[in-house]
Amino acid sequence: MTRIALVTGANRGIGFEVCRQLALQGVQVILTSRNVAKGQAAADVLRNEGLEVTSHQLDVTDVESVMALQEEIDATFGRLDILINNAGVYLDEGVSIFDVSLEAMRLTQEVNFFGPFHLCRAFVPMMRLKDYGRIVNVSSGYGAMVDMGARTAAYRISKLALNALTRIVADEVKGYNIKVNAMCPGWVSTDMGGPAAPRTVDEGAEAITWLATLPDDGPTGGFFRDHQPIPW
Ligand SMILES: NC(=O)c1ccc[n+]([C@@H]2O[C@H](COP(=O)([O-])OP(=O)(O)OC[C@H]3O[C@@H](n4cnc5c(N)ncnc54)[C@H](OP(=O)(O)O)[C@@H]3O)[C@@H](O)[C@H]2O)c1
């Protein structure tokens with residue numbers, strides 16, 4: 001059976017590469033982006049490589065459009081097997097918590113936490129009905145309590161909340177064949193990571209693809225980097 005995957009923030013960066021890697025494994029990929037033209041252009045690149053990828057507009061902060069997409073996927077496929085919560089913003093790099101604007105603090109939580117929250121609430125019920133699901137929350141070491149420290153508070157808090165969401169959802173779906181994991185891709189050379197980052201998007205995406213295609217006896221409720229559990 002062909003698996004169906006939805007990837008958020010997939011017009012560029014790590015999300016785009018995850019779409020390529022999943023499609024190369026025979027997964028039917030729905031590449032989503034907040035800008036419709038950018039999503040179509042990205043999907044065209046992958047289709048020109050012979051991959052089965054469709055695109056759909058999705059701003060993860062817009063709960064109504066999340067629900068509309070859920071209804072469309074339900075009508076078209078009757079299920080969603082893989083959800084990659086990848087879309088993210090990084091607006092307060094190095095900024096003190098005393099200087100970060102309220103707007104940046106709020107927007108960061110809207111995208112990095114509320115986005116995955118809306119998507120989990122929209123799609124987990126379908127996964128329960130089919131007793132199958134793989135959810136990957138693309139987090140960051142910045143969200144780990146063990147390394148919590150000064151600066152970059154908006155981003156850190158958003159990823160900390162995403163990690164909590166991971167544990168909560170994983171526990172709520174206990175007993176189902178649904179795996180919910182958070183991961184850190186490492187420092188990856190994208191628009192967000194910058195050109196000095198040592199990892200390629202290919203390397204950053206690889207562990208996401210691994211968690212997205214876990215076998216039935218794979219881990220759930222974990223936080224990973226390089227396929228290894230890391231402390232929360
Ligand atoms: N790069 C790193 O070193 C690194 C390290 C740790 C964790 N991460 C995490 O990895 C994920 C991907 O990062 P990246 O490096 O690939 O970043 P990126 O190149 O900046 O790409 C971010 C993606 O998120 C999308 N996005 C932003 N706001 C959105 C919204 N409201 N709705 C839907 N999509 C939205 C962007 O769309 P637009 O093109 O429209 O802006 C873009 O497609 C993020 O969650 C990030 O926190 C990255």
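Residues numbered from 1 in each chain as written. Predicted model: local features only at pLDDT ≥ 70, side-chain atom pairs only at ≥ 80, totals over all residues. Heavy atoms only, no water.

Caption draft 1: Region of the structure containing the site of the ligand. Lining the immediate surroundings of the ligand are 28 residues, of which Arg 12, Arg 34, Asn 86, Tyr 155 and Thr 190 lie closest. Residue Val 60 places a main-chain N or O atom 3.0 Å away from a nitrogen atom belonging to the ligand. One of the side-chain N or O atoms of Lys 159 is found 3.0 Å from an oxygen atom in the ligand. Secondary-structure elements contributing two or more residues to the shell around the ligand are helix 1 (13–24) and helix 5 (153–172). In the shell around the ligand, the residues fall into 12 nonpolar, 11 polar and 5 charged. (Near = heavy atom within 4 Å. Polar contact = N/O pair within 3.5 Å; in protein donor to acceptor, adjacent residues only side chain to side chain. Helix = DSSP H or I, 4+ residues; strand = E, 2+ residues; numbered from the N terminus. Nonpolar A, V, L, I, M, F, W, Y, C, P; charged D, E, K, R; others polar.)

Caption draft 2: Layout of a nonpolar patch on the surface. On the surface, a cluster of nonpolar side chains totalling about 350 Å² of accessible area is made up of Ile 97, Phe 98 and Ile 157. The residue Ile 157 is located in helix 5 in this model. A relative accessible area of 37% places Ile 157 in the partly exposed class. (Patch = residues over 30% accessible without salt bridge, like charges linked within 9 Å, V, L, I, M, F, W, Y side chains within 5 Å. Areas by Shrake-Rupley, 256 points an atom, 1.4 Å probe, with all protein chains shown as cover. Salt bridge = Lys/Arg side-chain N within 4 Å of Asp/Glu carboxyl O. Buried < 20%, exposed > 50% of the residue type's maximum accessible area, 1.4 Å probe, protein only.)

Caption draft 3: Broad picture of the environment of Tyr 132. With respect to the helices, strands and loops of the structure, Tyr 132 is situated in the loop between helix 4 (102–130) and strand 5 (133–138). Residues Tyr 132 and Asp 216, spaced 84 residues apart in sequence, show a C-alpha to C-alpha distance of 8.9 Å. Apart from the residues within four sequence positions on either side, Tyr 132 is in contact with Arg 3, Leu 80, Asp 81, Met 127, Asn 177, Ile 178, Leu 214 and Asp 216. (Contact = heavy atoms within 4.5 Å.)

Caption draft 4: The arrangement of the packing of helix 4 against helix 5 in detail. For the pair helix 4 and helix 5, interaxial distance at closest approach is 8 Å and the crossing angle is 15°. Judged on the interaxial angle alone, helix 5 and helix 4 are roughly parallel. Helix 4 and helix 5 meet at a crossing whose hand is right-handed. Facing helix 4, whose interface residues are Ala 104, Met 105, Thr 108, Gln 109, Asn 112, Phe 113, Pro 116, Phe 117, Cys 120, Val 124 and Arg 128, helix 5 presents Ala 153, Ala 154, Tyr 155, Ile 157, Ser 158, Lys 159, Ala 161, Leu 162, Leu 165, Val 169 and Glu 172. Residue composition of the contact of helix 4 with helix 5, grouped by class: 15 nonpolar, 4 polar and 3 charged. (Axes fitted to C-alpha atoms, helices over the stretch in contact; angles between N-to-C directions. Parallel < 35°, antiparallel > 145°, perpendicular 65-115°, else oblique. Left-handed = near helix turned anticlockwise from the far one by under 90°.)

Caption draft 5: Representation of the packing of helix 3 (residues 63–77) against helix 4. It is at 9 Å that the axes of helix 3 and helix 4 come closest, and there the two elements cross at 20°. Of the possible angle classes, the one that applies to helix 3 and helix 4 is roughly parallel. Read as a crossing pair, helix 3 and helix 4 show a hand that is right-handed. Counting all contacts with helix 3, which are made through Val 63, Val 66, Met 67, Leu 69, Gln 70, Ile 73 and Asp 74, the residues of helix 4 involved are His 118, Leu 119, Ala 122, Phe 123 and Met 126.

Caption draft 6: Expanded view of the pairing of strand 3 (residues 53–57). Two elements, strand 2 (residues 28–33) and strand 3, share 5 bridges in a ladder whose sense is parallel. Across the sheet, Leu 31 pairs through a bridge with Ser 55, a residue of strand 3. Handedness of the crossover is the feature at issue here: the chain leaves strand 2, passes through helix 2 (residues 36–47), returns alongside strand 3, and the resulting connection is right-handed. (Pairing = 2+ DSSP bridges. Right-handed = clockwise from strand over helix to strand, strands pointing away.)

Caption draft 7: Focus on the pattern of salt bridges. Under the criterion given, the structure shown has 9 salt bridges. In this structure, Glu 49 engages Arg 20 in a salt bridge whose closest nitrogen and oxygen atoms are separated by 2.7 Å. Of this pair, Glu 49 sits in the loop between helix 2 and strand 3 while Arg 20 sits in helix 1; the two residues are 29 residues apart in sequence, bridging distant segments of the chain. What you see here is one network of salt bridges that share partners, running through Arg 3, Arg 79 and Asp 81.

Caption draft 8: Spotlight on helix 2. Here helix 2 is 12 residues long and its end C-alpha atoms lie 16 Å apart, about the 16 Å a rise of 1.5 Å per residue gives. Taken together, the buried residues of helix 2 touch helix 1, strand 2 and strand 3. Between a side-chain oxygen at the N-terminus of helix 2 and the backbone nitrogen of Ala 37 the separation is 3.0 Å; the capping residue is Asn 35. (Expected span 1.5 Å × (residues − 1).)

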